[in-house]
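Coordinates in review
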Amino acid sequence: MDGKQHCVKLSVQPSRGLMDEKFVILVQNALPGSKLTLHALHQCEDGHHWQAFAHYSSDATGAVNVSEDSSLGGMYSGVEPMGLLWGLKPVPGSKPGLRMRKKNVQVPMVVTISVYQGHQTEGFLDQRALAAVEVERWYMAPGVRRIPVEDGLTATLFLPSGPGPFPGLLDLWGGGGQLVEYRAALLASHGIASMALDYLTCKFTMDTGERVGNDYFERAYEVLSQHPQVLGSRIAMLGLSLGTSITLKMAVYSKVIKLRCAVCVSGSHVQPQEGSVAEVLDCFNKNVEKTRVNENNEVIWHDLLLPIPTDPTQKVEMGRLQCPLLLIVGEDDQNWCAYESALDMKEMMERAGNSHLLTVLSYPNAGHLIEPPYSPHARISLFRDIASRQKMMALWGGQTLGHSRAQEDSWRKMLIFLRENLYGGTKPGATSLSQL
């Protein structure tokens, strides 16, 4: 090897940034026309290792700029500035069904970016890299405060840096339960006081064995809206999957919760009107015979609520919604009938004359788990059923490239929607982003 090859330089800027912030990877001082492999490696908090790699050829100056140059192969191809992050997959030999989720948002996700000679596909840890750098990606920006919430709730409030007061958001995840904090932390990093709420595996349910009532969500809203650093008249709700069912129900029927706007990701309005969490889950369980299992023994729940009922008592009365609503759906969602539900909600609101409040973002190659940008795509993963505690392999759907594009696009447009409705004037209305 030419001695000059030992002086290869690798930089990633910014080396420390938010999870949804792009970085620029630059290789310099390689031999002109060199075949090079860029490799990313991350060890999760659960000890599992994830990697992504891509093949490049240096230009006439011996440089590769990942933001401008095409990958020639590896785990993705073409110009993909963030491909080494969203392309992360469990290393060969890992146990099946892993899904990457940040648990401790007070420490960063650390990724080692390396460059290797040649177009490599395996054995990276057995080779010596030409150069390597560590990159930190944070869900909490400097100054964001993490405050555990009690008041009979299992919740965490994230306050943006600065004196406030700030608009607020109640963040609900789906049927897996647990207190999931990373999305709320990232939203607080963008200036919205966000409360992550566990409503399935919360202390109340663990202590009593009973599901929470609708008053649990109203209590969370009151705690958030009455916080001295939160603007009580500017509150949103954000729900994913089952969290969408709760968000839509509370937005339409609650006499306590008065939302400035709502965002629903990969969910449905099909449920008993004004039903409790237990009644909503019972509604789903009554259709359990519609569950499908494919040839790989992956569970598909897409058909549970299909066909969409014509009986209006089996759906949230979307015509009564009075705040702007953003629906984000993946058309390859194999877990839930989110796309079909969005079409029906749109039709209901058009008939009622309030469709001016609705914005729909629909993505052809996205699956169920539409997460913040550059989160690795999980087409399948292990899932533990809340009721039976049984573990199974769930098929969420999505194609990695299209799903990653959807995550980036929907997050950007969601932030626009939230800023316009939480910081903007008082006139409600949809944001002109995209329509079905």
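Now for a description of the structure that goes with this document. Keep in mind that this is a model prediction, so the values were computed, not measured.

Structural notes on the packing of helix 4 (residues 214–225) against helix 5 (residues 242–253)
- One can describe the packing of helix 4 onto helix 5 by two numbers: an axis separation of 11 Å at closest approach and a directional angle of 75°. It follows from the interaxial angle that helix 4 and helix 5 lie roughly perpendicular. Here Asn 214, Phe 217 and Glu 218 of helix 4 lie close against helix 5, whose contacting residues are Ile 246, Lys 249 and Met 250.
- Considering only residue class, the contact of helix 4 with helix 5 consists of three nonpolar, one polar and two charged.

Side note on unusual backbone geometry
- Residue Gly 164 is joined to Pro 165 through a cis peptide bond whose omega torsion reads 0°.
- Of note, Pro 165 is situated in the loop between strand 12 (154–159) and strand 13 (166–172).
- In the segment running from Leu 306 into Pro 307, the intervening peptide bond is cis, with an omega of -5°.
- Relative to the elements of secondary structure, Pro 307 occurs in the loop between strand 18 (299–300) and strand 19 (325–330).
- A positive phi angle, close to 60°, is found at Ser 241, a residue other than glycine.
- Relative to the helices and strands, Ser 241 resides in the loop between strand 15 (230–240) and helix 5.
- Looking at Ser 241, the relative accessible area reads 11%, which means it is buried.
- Residue Tyr 374 is not a glycine yet carries a positive backbone phi of 70°.
- For Tyr 374, the position within the fold is in the loop between strand 20 (358–363) and strand 21 (380–384).

Examining the pattern of salt bridges
- Following the criterion strictly, the structure yields 18 salt bridges and no others.
- Here Arg 405 and Glu 80 are joined by a salt bridge, their closest N and O atoms 2.7 Å apart. Of this pair, Arg 405 sits in helix 8 (residues 400–422) while Glu 80 sits in the loop between strand 7 (73–74) and helix 1 (83–86), and the two are 325 residues apart along the sequence.
- Residue Arg 405 is classed as partly exposed on the basis of its relative accessible area of 41%.
- Accessibility expressed as a relative area gives 6% for Glu 80, which makes it buried.

Regarding the packing of aromatic side chains
- With the rule as written, the count across this model stands at 10 aromatic pairs.
- For the pair Trp 173 and Tyr 182, a centre-to-centre distance of 5.3 Å together with 55° between the ring planes defines the contact as tilted. Taken individually, Trp 173 and Tyr 182 each receive the classification buried, so the pair is uniform in this respect.
- Between Phe 284 and Trp 336 the ring centres are 4.9 Å apart and the planes differ by 80°, which places this aromatic pair in the edge-to-face class. One end of the pair, Phe 284, is in helix 6 (residues 277–285); the other, Trp 336, is in the loop between strand 19 and helix 7 (338–352), with 52 residues separating them in the sequence. By the burial criterion, Phe 284 is buried, and Trp 336 matches it.
- One aromatic cluster is present, built from ring pairs that chain together Phe 53, Tyr 116 and Phe 124.
- Here the basic side chain of Arg 101 rests over the ring of Trp 173, its NZ or CZ set 5.0 Å away from the ring centre.

About the criteria used
- Residues numbered from 1 in each chain as written.
- Predicted model: local features only at pLDDT ≥ 70, side-chain atom pairs only at ≥ 80, totals over all residues.
- Heavy atoms only, no water.
- Axes fitted to C-alpha atoms, helices over the stretch in contact; angles between N-to-C directions.
- Helix = DSSP H or I, 4+ residues; strand = E, 2+ residues; numbered from the N terminus.
- Parallel < 35°, antiparallel > 145°, perpendicular 65-115°, else oblique.
- Contact = heavy atoms within 4.5 Å.
- Nonpolar A, V, L, I, M, F, W, Y, C, P; charged D, E, K, R; others polar.
- Buried < 20%, exposed > 50% of the residue type's maximum accessible area, 1.4 Å probe, protein only.
- Salt bridge = Lys/Arg side-chain N within 4 Å of Asp/Glu carboxyl O.
- Phe/Tyr/Trp six-rings, centres within 6.5 Å; stacked < 30°, edge-to-face > 60°.
- Lys NZ or Arg CZ within 6 Å of the ring centre and 35° of its normal.

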